[in-house]
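Chain residues, written in single-letter form:
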Amino acid sequence: MEMTDQRRPGAFLDRDGVLIEDTGYPHRIEEVRWIPGVMAALRRLNAAGFAVCIVTNQAGVARGYYDEAAVGRLHHWMANEARAAGARLDGFAYCPFHAAAEAPRYRRESPRRKPGPGMIEDWLAHFPLRRDGSFLIGDRATDLEAAAAAGIPGHLFPGDDLDAFVAAILKGN
Ligand SMILES: [Mg+2]
């Protein structure tokens, strides 16, 4: 009997500009504005069998605009909001490092920082997820570069309705 690959593919989503509006280092819950269609998009990805994983650069930590606890609080809140809408966010990865950080502990070139593929590779290896069938949605060229470096398709979200965008991707798969 042939063994089939039971691992799920991943839908890797950039956060700022894809799930929530990129208002410039968003980090306060009360200022978060969800992207139109976001919960329907998440439910669609859940139903299609994808593990939905956030991969977000958070250089605001390196720059001292907010701390990692604030990132954690925002992600916890996002997960709860999704759950309340019948959707599921399976994982949150963020990269707080930047080569020009003020604080020495955050001053480094990290392979996890997009355009590096580190966050995607870590999800694929440790969730674990199936690379074949996985894809990324981002709103910047560096997101797509990270996807390409991880050997998965990258889709540039123009910032309208996320559910319509996801539906079109799944149709093309
Ligand atoms: Mg973005």
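Residues numbered from 1 in each chain as written. Predicted model: local features only at pLDDT ≥ 70, side-chain atom pairs only at ≥ 80, totals over all residues. Heavy atoms only, no water.

The protein carries the name D,D-heptose 1,7-bisphosphate phosphatase in an unreviewed UniProt entry, which gives Sediminicoccus rosea as its organism. Per UniProt, the comment on the protein under Sequence similarities (unreviewed entry) is "Belongs to the gmhB family." What the UniProt record of the protein gives under Subcellular location (unreviewed entry) is the line "Cytoplasm". (UniProt positions renumbered as here; feature names shortened; annotations may be inferred.)

Draft legend 1. Layout of the packing of aromatic side chains. This model, assessed by the stated rule, comprises six aromatic pairs. Ring geometry for Phe 50 against Phe 135: centres 5.3 Å apart, planes inclined by 75°, an arrangement best described as edge-to-face. Of the two residues, Phe 50 sits in the loop between α1 (38-47) and β2 (51-57) while Phe 135 sits in strand β4 (residues 130-138), which places them 85 residues apart along the sequence. Summarising the burial analysis for this pair, Phe 50 and Phe 135 share the class buried. Note on Phe 97 and Tyr 106: the rings are 6.1 Å apart at their centroids and 50° apart in plane angle, and the pair reads as tilted. Comparing Phe 97 with Tyr 106 shows no difference in burial state: the two are buried. Over the ring of Phe 97 we find Arg 108; its NZ or CZ atom is 4.0 Å from the centre of that ring. (Phe/Tyr/Trp six-rings, centres within 6.5 Å; stacked < 30°, edge-to-face > 60°. Helix = DSSP H or I, 4+ residues; strand = E, 2+ residues; numbered from the N terminus. Buried < 20%, exposed > 50% of the residue type's maximum accessible area, 1.4 Å probe, protein only. Lys NZ or Arg CZ within 6 Å of the ring centre and 35° of its normal.)

Draft legend 2. Seen up close, the nonpolar core. Counting residues in hydrophobic clusters, the biggest one holds 27 residues, and the most contacted among them are Leu 19, Leu 42, Leu 45, Leu 89, Ile 137 and Leu 162. Residue assignment for this core shows that the elements contributing at least two residues are β1 (9-13), α1, β2, α3 (68-84), β4 and α6 (162-172). Broken down by element, the residue count for this core peaks at five residues, all from α1. If we skip the residues at most four places from it in the chain, Leu 45 touches Ala 11, Leu 13, Phe 50, Val 52, Phe 135, Val 166 and Leu 170. With 24 residues, the next largest nonpolar core counts Phe 97, Tyr 106, Met 119 and Ile 120 among its residues. (Core = buried A, V, L, I, M, F, W, Y, C linked by side-chain atoms within 4.5 Å. Contact = heavy atoms within 4.5 Å.)

Draft legend 3. Expanded view of the sheet that holds strand β5 (residues 154-156). Across the sheet, five strands lie side by side as β3-β2-β1-β4-β5; this open sheet has parallel pairing. Since the sheet does not close on itself, it has two edges, and those belong to β3 (91-95) and β5, each with one partner. Each strand of the sheet is rotated relative to its neighbour by a mean of 20°, with strand direction disregarded. Relative to β3, β2 runs parallel, the two sharing five bridges. Paired with Val 55 across the strands is Ala 93, a residue of β3. Contacts from α3 reach β2 and β3, with the element oriented near 155° to β3. (Pairing = 2+ DSSP bridges. Axes fitted to C-alpha atoms, helices over the stretch in contact; angles between N-to-C directions.)

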